[in-house]
Amino acid sequence: MEDMQQSLESLVRLLESYRGRDKVIRTVCFGSQLVGGLLSKSADTDLSHRQLGKSLLLFSAQLSHCRTTLRLFDDLAMLAYSHSYGVGVREDDPAVRWISVLSNVADQLYYPCEHIAWAADAELIKIKSDKWWLFSTVLWGASLLLGILRSLRVLMLLKKKLKIHERAGGGGSCSQLHGQMRAELLSFLRSMADLSNAIHWMPPGFLWAGKFPSWLVGLMGTISSVIGLIQMVNSEQTSDT
């Protein structure tokens, strides 16, 4: 009973923060798309299950629209982060520094492109939204690719440090480095899952663009979302200690 109470309190704390709520909505959104895609396309399911699958896909689409609307207010937060990071003078490695700077630029440009596309779809402005959705998807994909490159570079640097500490016999330092490598590996897997979906949403003819069924988009998004939740919980636990 006490464990259930603690779990409920943790969930409430998660939902009370903007970041936590967004991650929960994202997980439910892609999870609904995964289940809905499987139910609506399976030949073995009866009519009621297929109807449930279609309802879950519609629910997923509404949650996606919800997240897009909420991101209308993310520009200033991203600008504040980009300003505080600057040109990454605190980074020891130049490659990590400039990859991070370019990633911040792509993220900053992503938001206005998405806002314009959203406003065009809502008929607030009289332009076509297609090219603006494309711009935002390309910028998101570029940011993810840069994130993957950054993770690979960080993993390589951590591996070098680990070898040095192992030769020196630093047990505590080795344990800490292993933890950092696991965290970076999660970031790598998360970006890879998201990049697979970003490519799917590119114009037809580019790699596997448009080739994913709904359930596979949902699966990749669910993997990414669950990893994001794990990272957030781990980050909060680290800050508490």
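Every value quoted in this text rests on a predicted model; they were computed, and no experiment measured them.

Asks: I'm lost on the pattern of salt bridges in this one. Help?
Replies: Where charged atoms of side chains with opposite charge meet at close range, the side chains can pair. Here the structure, examined in full by the defined rule, presents six salt bridges. For arginine 153, the salt bridge goes to aspartate 93, with nearest N and O atoms at 2.7 Å. Pair noted here: arginine 153 is in helix H6 (residues 130–168) and aspartate 93 is in the loop between helix H4 (75–85) and helix H5 (94–121), with a separation of 60 residues, a long-range link.

Asks: Would you take a moment to explain a nonpolar patch on the surface for this structure?
Replies: A contiguous nonpolar surface patch, about 310 Å² in accessible area, is contributed by Leu8, Leu11, Val12 and Leu15. Within the secondary structure, valine 12 sits in helix H1 (residues 2–16). On the basis of relative accessibility, which here comes to 38%, the residue valine 12 falls in the partly exposed class.

Asks: For this particular structure, what's the right way to read the packing of aromatic side chains?
Replies: Geometry of an aromatic ring pair is reported as the spacing of the ring centres plus the angle between the planes. Applying the stated criterion to the full structure yields five aromatic pairs. Taking the centre distance of 6.2 Å and the plane angle of 5° together, the rings of tryptophan 208 and phenylalanine 212 count as stacked. The exposure class of tryptophan 208 is partly exposed, given its relative accessible area of 31%. For phenylalanine 212, a relative accessible area of 18% translates into the label buried.

Asks: Would you mind going over unusual backbone geometry with me for this structure?
Replies: With phi around 60°, glutamate 123 is a residue other than glycine that occupies positive phi space. With respect to the helices and strands, glutamate 123 occurs in the loop between H5 and H6.

Asks: Is there a simple way to explain the environment of serine 196 in this structure?
Replies: One can find serine 196 in helix H7 (residues 171–200). Between the C-alpha atom of serine 196 and that of leucine 8, which follows or precedes it by 188 residues, the distance is 33 Å. Those residues in contact with serine 196 that lie beyond four places of it in its chain are Trp208, Phe212 and Met220.

Asks: Would you mind showing me how to read H5 here?
Replies: The periodicity of an α-helix, 3.6 residues per turn, causes residues three or four positions apart to be oriented the same way. Counted at 1.5 Å a residue, the expected span for H5 with its 28 residues is 40 Å, and the 41 Å between its end C-alpha atoms agrees. For H5, the capping residue at the N-terminal end is aspartate 93, with a side-chain oxygen 3.3 Å from the backbone nitrogen of alanine 95.

Asks: Sorry, what's going on with the UniProt feature "transmembrane region" (unreviewed entry) in the chain here?
Replies: Summarizing the sequence annotation, UniProt attributes the feature "transmembrane region" (unreviewed entry) to residues 132–152 and 212–233 in the numbering used throughout. Taken as a whole, residues 132–152 contains 100% helix and 0% strand, while its terminal C-alpha atoms sit 30 Å from one another. Along residues 212–233 the backbone is 91% helical and 0% strand, and the end-to-end C-alpha distance reaches 30 Å.

Asks: What is the right way to read empty space enclosed by the protein from this model?
Replies: Leftover empty space is mapped by rolling, across the atoms, a probe with the size of a water molecule. For the coordinates displayed, the defined rule picks out one cavity of 30 Å³ or more. Looking at the largest cavity, its volume works out to about 30 Å³. As for the largest cavity, its lining consists of Lys23, Arg26, Arg190, Ser224, Ser225 and Gly228. At the level of elements, helix H2 (18–41) and helix H8 (214–240) are the ones that each hand at least two residues to the lining of the largest cavity. It is H8 that contributes the most residues to the lining of the largest cavity, three residues altogether.

Asks: Is there a simple way to explain the side chain of arginine 67 in this structure?
Replies: With respect to the secondary-structure elements, arginine 67 resides in helix H3 (residues 47–70). Judged by its relative accessible area of 13%, arginine 67 falls in the buried class.

Asks: It is not clear to me how the layout of surface pockets should be interpreted in this structure. Could you clarify?
Replies: In this structure, the second largest pocket encloses a volume near 260 Å³. Mapped onto the lining of the second largest pocket, the elements with two or more residues apiece are H6 and H7. For the lining of the second largest pocket, the element with the highest residue contribution is H6, accounting for four residues. In terms of residue class, the lining of the second largest pocket is made up of five nonpolar, one polar and five charged.

Asks: Just to check I follow, could you spell out the packing of H5 against H6 for this structure?
Replies: To characterise two packed helices, one gives the angle between the axes of the helices and the distance between these axes. Across the interface, H5 lies against H6 with an axial gap of 8 Å and an inter-helix angle of 160°. Between H5 and H6, the interaxial angle falls into the category roughly antiparallel. The crossing of H5 and H6 is left-handed. Tallied by class, residues from the contact of H5 with H6 come to 20 nonpolar, four polar and five charged.

Calculation notes
- Residues numbered from 1 in each chain as written.
- Predicted model: local features only at pLDDT ≥ 70, side-chain atom pairs only at ≥ 80, totals over all residues.
- Heavy atoms only, no water.
- Salt bridge = Lys/Arg side-chain N within 4 Å of Asp/Glu carboxyl O.
- Helix = DSSP H or I, 4+ residues; strand = E, 2+ residues; numbered from the N terminus.
- Patch = residues over 30% accessible without salt bridge, like charges linked within 9 Å, V, L, I, M, F, W, Y side chains within 5 Å.
- Areas by Shrake-Rupley, 256 points an atom, 1.4 Å probe, with all protein chains shown as cover.
- Buried < 20%, exposed > 50% of the residue type's maximum accessible area, 1.4 Å probe, protein only.
- Phe/Tyr/Trp six-rings, centres within 6.5 Å; stacked < 30°, edge-to-face > 60°.
- Contact = heavy atoms within 4.5 Å.
- Expected span 1.5 Å × (residues − 1).
- Polar contact = N/O pair within 3.5 Å; in protein donor to acceptor, adjacent residues only side chain to side chain.
- UniProt positions renumbered as here; feature names shortened; annotations may be inferred.
- 1 Å grid on protein atoms, 1.4 Å probe; cavity = no way out; pocket = protein on both sides within 12 Å on 5 of 7 lines; lining within 4 Å.
- Points joined across faces, edges and corners; volume = space filled by probe spheres on them.
- Nonpolar A, V, L, I, M, F, W, Y, C, P; charged D, E, K, R; others polar.
- Axes fitted to C-alpha atoms, helices over the stretch in contact; angles between N-to-C directions.
- Parallel < 35°, antiparallel > 145°, perpendicular 65-115°, else oblique.
- Left-handed = near helix turned anticlockwise from the far one by under 90°.

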